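Coordinate analysis (summary)
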Amino acid sequence: MTQQNVIIEIEKLSKEYSTERGESFLAIDNINLKIQENSFTCIVGPSGCGKSTILRIAAGLEKATSGTVHYRSDPVTKPCGEIGLVFQEYSLFPWLSVIDNVAAGLDFAGVEKEKRDEEATRHLRMVNMLDFKDAYPHELSGGMRQRVAIARALANDPDVLLMDEPFGALDAHTRILLQQELLKVWELTRKTIVLVTHSVDEAIFLADKILIMASRPGRIRNSLEVNIERPRSRAIPEFGKMTDYILKELEYSM
Amino acid sequence: MKARALSLTIPLIAPALLAVIWVILARQIGNQVILPGIEQVADLLGHPTEDLISMGSLISNVLVSLVRVIMGYAIAALVAIPLGIVMGYYGFIFKFFNGFLNLFRPIPPLAWVPLVMAWFGISSLATVVGLETGQMYIYLNNIKFSMLFIIFIGAFYPILTSTIHGVRNINTTLIDSARVLGASEYQIFMKVLIPASMPSIITGMRIGLGIAWMCLVSAEMLPGSLSGIGYMITHAFTLASTDIVIAGMISIGVVGASMDMVFRRIEHKKFSWRRQAR
């Protein structure tokens, strides 16, 4: 792989929450990481390790207690069009049809209707959801909804796509299907993707680079490159070995 | 076919029974003032445009009442919905207003009457416009501020409460999604908070309209009132015309139920996503 640009740089990031009883709780502690442009990074960690918090801060939805996030050379303090975020579930606007959901970001940006629909259609085709463009979210299955959510994030044409356990609520079969589709979309669009997951299997299947987190407080314990050629088969020994290694790492970090 | 006929018949049984009992009782009692015959009341309802003991016709009184309710109600909705949205969204605005508004909530709209009379007396829209004669004066003079106020109070709280409730129950992921997609604060209000809380707002508006309609009779009993369905009922009572009283009551019921049905239709048609969404 050639030398690439750093697109997201996180430095000494910490986040402290205060509970209702007035105690404070360190969610993440001194996170440092660099995300290369066009790369696919997965963050794995036990639940409650603050991996979602990192994404929310990087997306500009939350403020850090200390430390910084930079997109290219600009500090991230509020949401901006260049960084998209896909949530685990319930993120589609239930009163809008599928196509209007996908066009929502463009609508916020003031793009005219015709152009919006054109872009939305293109992205719905990309995730194989064009047949459902006039359906409403409640009429779709969980997997379909996530496809629409991904299309919506992409329609905004962000530079970086953050994904917070996007397949976490899906059944195993749908999950594998969507992982494959996500890879296709990634190869097609070459967006920089940072995906948070608690599934080791998912991380190895998708990522160029995996960051392993430990909890209490949330910190990065280890990172490794996945040098298995795509399309990856779960049946090869390297896959198993890597799974085993990461699971052990996670065990220590509990 | 048989099931359909049955399902259409069932709701009619209770009113039919009531009518039968009415007929029997009216015959037994034999006193017009206590309980007039059903055919007398039906006759009044069947000729709604006829002038009744110089109080105007049934239909014109219903219309006057409707205009009053709709005006008071519209003002209540215009104040309560925006206020409810900002109270539901911003914690500090909620804290600022909530205690204050809760202090007034338990006061029945009727209990406002003396104060409202002291404030507004018999001034009406005609007073503001400066009219003192003519056909227009008669119309505008029917819209008394005191009445609007009572109706406003009745409709305000249900609309406010359900708007706040609607906004507070919005899934935060929706708001976060809009932010990440680049929505401005104004767009979040217009394109997320309002549509997302709309089902709850509509429910509040339906309840509010019901209460506004109920407050109407008390508002129309205020001094200076010379028209409206509430006035017609109280005036007919002083003249011992119980048949007009009952015809008026039935009109109130029918109009109220029809308005409620319109709202239910809207709820059902436009917001089916809420029942199934999650």
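Residues numbered from 1 in each chain as written. Chains lettered and ligands numbered in written order. Predicted model: local features only at pLDDT ≥ 70, side-chain atom pairs only at ≥ 80, totals over all residues. Heavy atoms only, no water.

1. Notes on the overall build of chain A
The secondary structure content of chain A amounts to eight helices and 10 strands. Computed over its C-alpha atoms, the radius of gyration of chain A comes to 18 Å, within 12% of the 18 Å expected for a compact globule of 254 residues. Across its three principal directions, the C-alpha atoms of chain A cover 50 × 45 × 40 Å. For chain A, the proportion of its 254 residues judged to be buried stands at 52%. Long-range pairs, those at least 24 residues apart, make up 68% of the contacts in chain A between residues at least 6 apart in sequence. (Helix = DSSP H or I, 4+ residues; strand = E, 2+ residues; numbered from the N terminus. Rg over C-alpha atoms; globule rule 2.2 N^0.38 Å. Buried < 20%, exposed > 50% of the residue type's maximum accessible area, 1.4 Å probe, protein only. Contact = heavy atoms within 4.5 Å.)

2. Quick word on the packing of aromatic side chains
By the definition in use, this model includes 16 aromatic pairs over all chains. Ring centres of F120 of chain B and F145 of chain B lie 6.1 Å apart, and the angle between their planes is 45 degrees; on these two criteria the pair is classed as tilted. One end of the pair, F120 of chain B, is in helix α5 (residues 113-120); the other, F145 of chain B, is in helix α8 (residues 145-168), with 25 residues separating them in the sequence. Pairing F152 of chain B with F156 of chain B gives two aromatic rings, centres 5.4 Å apart and planes at 25 degrees, and the pair type is stacked. Highlighted residues: F152 of chain B and F156 of chain B, both in helix α8, separated by four residues, approximately one helical turn. Taking the relative accessible area as the measure of exposure, F156 of chain B reaches 7% and is therefore buried. Sitting over the ring of F205 of chain A, R234 of chain A keeps its end group 4.2 Å from the ring centre. For the cation-ring pair, R168 of chain B lies above F94 of chain B, with the distance from its terminal atom to the ring centre recorded as 3.9 Å. (Phe/Tyr/Trp six-rings, centres within 6.5 Å; stacked < 30°, edge-to-face > 60°. Lys NZ or Arg CZ within 6 Å of the ring centre and 35° of its normal.)

3. A closer look at unusual backbone geometry
Residue and element names in this part refer to chain A. P217 follows R216 through a cis peptide bond whose omega is -10 degrees. Of note, the amide linkage connecting R230 to P231 takes the cis form, showing an omega dihedral of -5 degrees. Relative to the assigned elements, P231 resides in the loop between β10 (219-225) and α8 (237-253). Here R72, not a glycine, exhibits a phi torsion of approximately 50 degrees, which is positive. Positionally, R72 belongs in the loop between β4 (66-71) and β5 (74-75). Under the relative-accessibility criterion, R72 is labelled partly exposed at 38%. Of note, E165 is a non-glycine position whose phi angle comes to about 45 degrees, a positive value. Exposure remark for E165: the relative accessible area of 12% places this residue in the buried category.

4. Quick look at the sheet that holds strand β1 (residues 6-18) of chain A
Pairing between the strands of a sheet comes from backbone hydrogen bonds, and it takes one of two forms, parallel or antiparallel. Residues and elements named next belong to chain A. If you trace the four strands from one edge of the open sheet to the other, you get β2-β1-β4-β5, paired in antiparallel fashion. With partners counted over all chains shown, the strands left at the sheet margins are β2 (24-36) and β5, one partner each. Sheet topology note: the β1/β4 ladder contains five bridges and is antiparallel. Paired with I8 across the strands is Y71, a residue of β4. Here helix α1 (residues 51-58) sits on the sheet in contact with β1, β2 and β4, set at roughly 115 degrees to β1. (Pairing = 2+ DSSP bridges. Axes fitted to C-alpha atoms, helices over the stretch in contact; angles between N-to-C directions.)

5. Overview of the interface of chain A and chain B
Between chain A and chain B, the residue contacts involve 23 residues of the former and 21 residues of the latter. At the boundary of chain A with chain B, total buried surface from both sides reaches about 2,000 Å², with 68% on carbon and sulfur atoms. When the area that chain A buries against chain B is broken down by residue, the three leading residues are W95, F108 and H138 of chain A, summing to 37%. Between the two partners, chain A and chain B, sit two salt bridges. Across the contact surface, chain A and chain B share four residue pairs in polar contact (both at pLDDT 80 or more). At the level of secondary structure, the elements contributing two or more residues to the side of chain A that touches chain B comprise β6 (83-86), α3 (104-108) and α5 (142-155) of chain A. Looking at which element gives the most residues to the side of chain A that touches chain B, the answer is α3 of chain A, with four residues. Among the residues making up the side of chain A that touches chain B, the classes are represented as 13 nonpolar, five polar and five charged. (Buried area = accessible area lost by both parts, 1.4 Å probe. Salt bridge = Lys/Arg side-chain N within 4 Å of Asp/Glu carboxyl O. Polar contact = N/O pair within 3.5 Å; in protein donor to acceptor, adjacent residues only side chain to side chain. Nonpolar A, V, L, I, M, F, W, Y, C, P; charged D, E, K, R; others polar.)

6. What to know about the sheet that holds β6 of chain A
All names here are of chain A. With mixed pairing, six strands are arranged side by side in an open sheet as β6-β7-β8-β3-β9-β10. Each edge of the open sheet carries a strand with a single partner, namely β6 and β10. Put simply, the sheet's adjacent strands are angled 20 degrees from each other on average, direction ignored. Pairing of strand β9 (residues 209-214) with β10, which is carried by six bridges, proceeds in the antiparallel orientation.

7. Some details on the pattern of salt bridges
Following the criterion strictly, the structure yields 25 salt bridges over all chains and no others. Measuring nitrogen to oxygen at the nearest pair gives 3.2 Å for the salt bridge that ties K248 of chain A to D244 of chain A. Note that K248 of chain A and D244 of chain A are positioned in helix α8 at a spacing of four residues, about one turn of the helix. Assessed through its relative accessible area of 41%, D244 of chain A is described here as partly exposed. E267 of chain B is the partner of R206 of chain B in a salt bridge, and the nearest nitrogen-oxygen pair spans 3.2 Å.

8. Some points on the environment of P109 of chain B
All names here are of chain B. Within the secondary structure layout, P109 lies in the loop between α4 (91-104) and α5. When the C-alpha atoms of P109 and I150 are compared, they prove to be 5.6 Å apart, with 41 residues separating the residues in sequence. Excluding residues within four positions of it along the chain, P109 makes contact with I150, I153, G154 and C215.

9. Thoughts on the packing of helix α3 (residues 58-89) of chain B against helix α11 (residues 229-238) of chain B
When two helices pack together, their arrangement is captured by the angle between the axes and the distance separating the axes. Residues and elements named next belong to chain B. Remark: α3 packs on α11, axes separated minimally by 7 Å, with the N-to-C direction vectors making an angle of 130 degrees. Taken as axis vectors, α3 and α11 run oblique relative to one another. Between α3, through L58, N61, V62 and S65, and α11, the contact on the second element is made entirely by I229, G230 and M232. (Parallel < 35°, antiparallel > 145°, perpendicular 65-115°, else oblique.)

10. Considerations on the domain arrangement of chain B
When the domains of chain B are assigned, the result is domain 1 (1-30) and domain 2 (38-276). Taking only C-alpha atoms, the centre of domain 1 of chain B and the centre of domain 2 of chain B are 32 Å apart. (Domains from an automatic or database assignment.)

11. Regarding the nonpolar core
As a rule of thumb, nonpolar side chains are buried together in soluble globular proteins. Grouped together as the largest cluster of nonpolar side chains are 79 residues, with contacts concentrated most on F156 and L193 of chain B. Here the element with the most residues in this core is helix α10 (residues 185-220) of chain B; it accounts for 14 residues. Ignoring any residue separated from it by four or fewer positions in sequence, one finds L193 of chain B in contact with I85, Y89, V167, I170, I175 and I188 of chain B. The next biggest cluster of nonpolar side chains, apart from the first, holds 49 residues, and it includes C42, V86, A207 and L224 of chain A. (Core = buried A, V, L, I, M, F, W, Y, C linked by side-chain atoms within 4.5 Å.)

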